[in-house]
Amino acid sequence: MFVQPRSAHSSSSSSPGLPEGYKVDPKQGPMLRYQASLPHLPVPALSSTLAKYLESIRPHLTPAEYARSEAAVREFGASPRAAELQKRLEARAAEPGTVNWIADWWNDAAYMAYRDPVVVNVSYFFIHMADPAIQDAPKRAATLIKAMLPFRTLVETAQLEPEKIRGAPLCMDSYKWLFHASRYPNIPSDTAYKFDPATHNHVVFVRNNRFFEVQLARTDGTELSAADLETAIADVIRQADTHTGVPFGALTSENRDNWTHARKRLIEASPANEAALERIESAMIVVALDNSSPTSRNDLSWGAWVGNGRNRWYDKHQLVVWDNGRSAFLGEHACMDGTPTLRLNEFILGSLAADGIELGSPTPSTLLTPPSEIVLTANDAVLADVKEAEKNFDKLVGSHDLQVLHYDAYGKNLIKQFKTSPDAWAQLVKQLAYYKFKGRPAVTYESAQTRKFQRGRTEVIRAASEQSKAWVDAMVNPNATDAKRAALFRSAVSRHVQYSTWAADGQGVDRHLFGLKKVLKEGEALPEIYKDPAFSRSSHWELSTSQLSSQYLDGWGYGEVVPDGYGLSYSIGDEYIRWTITSLKLDSEAFKACIADAATETRQMMERARQTEGIIKTKL
């Protein structure tokens, strides 16, 4: 039975300690009580965006190229055309009922209308820290699901406390897509649907390509214990290991148009297939039980990121559990970003680590509904679709490389000794590493969340700057002093922190320029600023970077966003920095070595500079 806890609604119209403007909505549960008073995403001033844009493109251009780009930008900024586009965008933002002028545009352009396979291109993964007390799949999967259930209750009943940054609540709207939700292939844009957890109270396991449904309540309506779940999962494994099924899951790894057509043929193949698909799609979550036992960070990351392309259902969030008890989470990215799913995983793993979950009686109940296999029927057309999907997956994944660098020489404890932002430090390490690798600054995307606004998702931190370039130039100049390098480093850090703040405040460059382009009417010419080579070059993300750090994760990652680029997720622990590097086999191992060297050189430079500064102060 899906539990409905006692309401914790507040009747207060305001909440002490909140920044001005936030009020409690008494009609909403705690999770959404501030939602209506969250600010709307602003439309930045055009002059501000263009000034930041010019600053951000400068490190990537020659003086002559910059002069041409500057002229194009100045001309655009002074034109009636630009004023008209800005006016249209401001009008859209001011429309009644519009709380976020970019949300629908961005969700469609970046996710739903994106046609390439979600696996590699869109999905992201978290590797869970191992539980040394659990070394088998049934027990691990059972405890993960049992620990997930109270979080589901908090979300589905809106009792979960909203996240806050510096006292300001964040948008919690996307949490509704955590459980019992699925992405659906559709042309020209995918859709998503959320099912009622009260009437779809089940989880789906996939093992050897076969799908099994397990109810999350006993026949008397009480919630399953961990022992109940362990018994059911062992039964799933026993049944699934008798033979391997048709890998229908491979269809979800396909190009979205291909999957749209294949899903239609799958439904047409049997009257029962549509209902069978709904059992998968409506589940709380899919749990992939892989019959392998990876141990290294590289192997775990490969297994979580892509698996074998068959034993998955990529249109949903899923847990991955291996035979040795290691586990991971694979996120479906269309409707929500990584911070809510990180909170879910931290709740699960933290609760288990602290023995904070009531696992129930160690003896399985006699009131269990046995696992039932979800049967999909294939005809020749469907089998041909599956075979083509397998071929395409193997080609796609076979063209990729993944490397994990767990750099344990230092972490944020040391970085903070220099009174420096750990995130900015890690970003500058990447700029130095890329120069060592390619001999120039990297066009770099860092994700900043904009969830302080209603329906906020992300904005770009343009991490390469004139300041970072000046520091890198000094680092590779043998005649530069460490004092000079350290001063330039701190200047680059300050710039990075400032741009990060702008991005989180909805004052970045990229979403605004995207919006101005979107309000062009049919037949209107594209402004010259968008035709300038610097525009495409400065948003061709050679490094797609993002930080998520947690003591409960042993790694995380995602794919590159351009064919000649790298996915570069990272985490900063107390005593380590860990990067996961993905690419289309663009010598990722050599880049990994450059990152390690750059991290070491940055520390050594800062320590030498501090020592020199101390000597000078002593003499004075």
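Please read these numbers as outputs of a predicted model, since none were measured by experiment.

## Looking at the environment of arginine 265
Looking at where arginine 265 falls in the secondary structure, it is placed in helix H8 (residues 256-269). Those residues within four positions of arginine 265 in sequence are excluded, and the remaining contacts are Ala381, Val382 and Asp385. A polar contact is formed between the side chain of arginine 265 and the side chain of aspartate 385, at a distance of 2.8 Å.

## Re helix H6 (residues 137-156)
For H6, spanning 20 residues, the distance from its first C-alpha to its last is 28 Å, which sits close to the expected 28 Å at 1.5 Å a residue. Burial within H6 is extensive, with 16 of its 20 residues counted as buried. A distance of 3.1 Å separates the backbone nitrogen of lysine 139 from a side-chain oxygen at the start of H6, and that oxygen is part of aspartate 136.

## Points about the UniProt feature "active site" (unreviewed entry) in the chain
Look at the UniProt record and you will see "active site" (unreviewed entry) annotated at His333. Tracing the backbone shows histidine 333 in the loop between strand S10 (327-331) and helix H11 (338-353). Classification of histidine 333 as buried rests on a relative accessible area of 16%. Beyond its immediate chain neighbours, meaning those up to four positions away, histidine 333 contacts Tyr111, Val122, Tyr124 and Arg457.

## With respect to the pattern of salt bridges
Throughout the structure, instances matching the rule amount to 46 salt bridges. In this structure, lysine 176 and aspartate 173 form a salt bridge, with 2.9 Å as the shortest nitrogen-oxygen distance. For lysine 176, a relative accessible area of 35% puts it in the partly exposed group. Of the residues examined, aspartate 173 reaches a relative accessible area of 28% and is grouped as partly exposed. With a shortest N-O distance of 3.5 Å, lysine 531 and glutamate 528 are connected by a salt bridge. Of this pair, lysine 531 and glutamate 528 are both found in helix H18 (residues 528-531), 3 residues apart, which corresponds to roughly one turn of the helix. Among the charged side chains, a network of salt bridges with common partners joins Arg115, Arg183, Asp190, Arg256, Asp257, Asp315 and Glu332.

How each quantity is defined
- Residues numbered from 1 in each chain as written.
- Predicted model: local features only at pLDDT ≥ 70, side-chain atom pairs only at ≥ 80, totals over all residues.
- Heavy atoms only, no water.
- Helix = DSSP H or I, 4+ residues; strand = E, 2+ residues; numbered from the N terminus.
- Contact = heavy atoms within 4.5 Å.
- Polar contact = N/O pair within 3.5 Å; in protein donor to acceptor, adjacent residues only side chain to side chain.
- Expected span 1.5 Å × (residues − 1).
- Buried < 20%, exposed > 50% of the residue type's maximum accessible area, 1.4 Å probe, protein only.
- UniProt positions renumbered as here; feature names shortened; annotations may be inferred.
- Salt bridge = Lys/Arg side-chain N within 4 Å of Asp/Glu carboxyl O.

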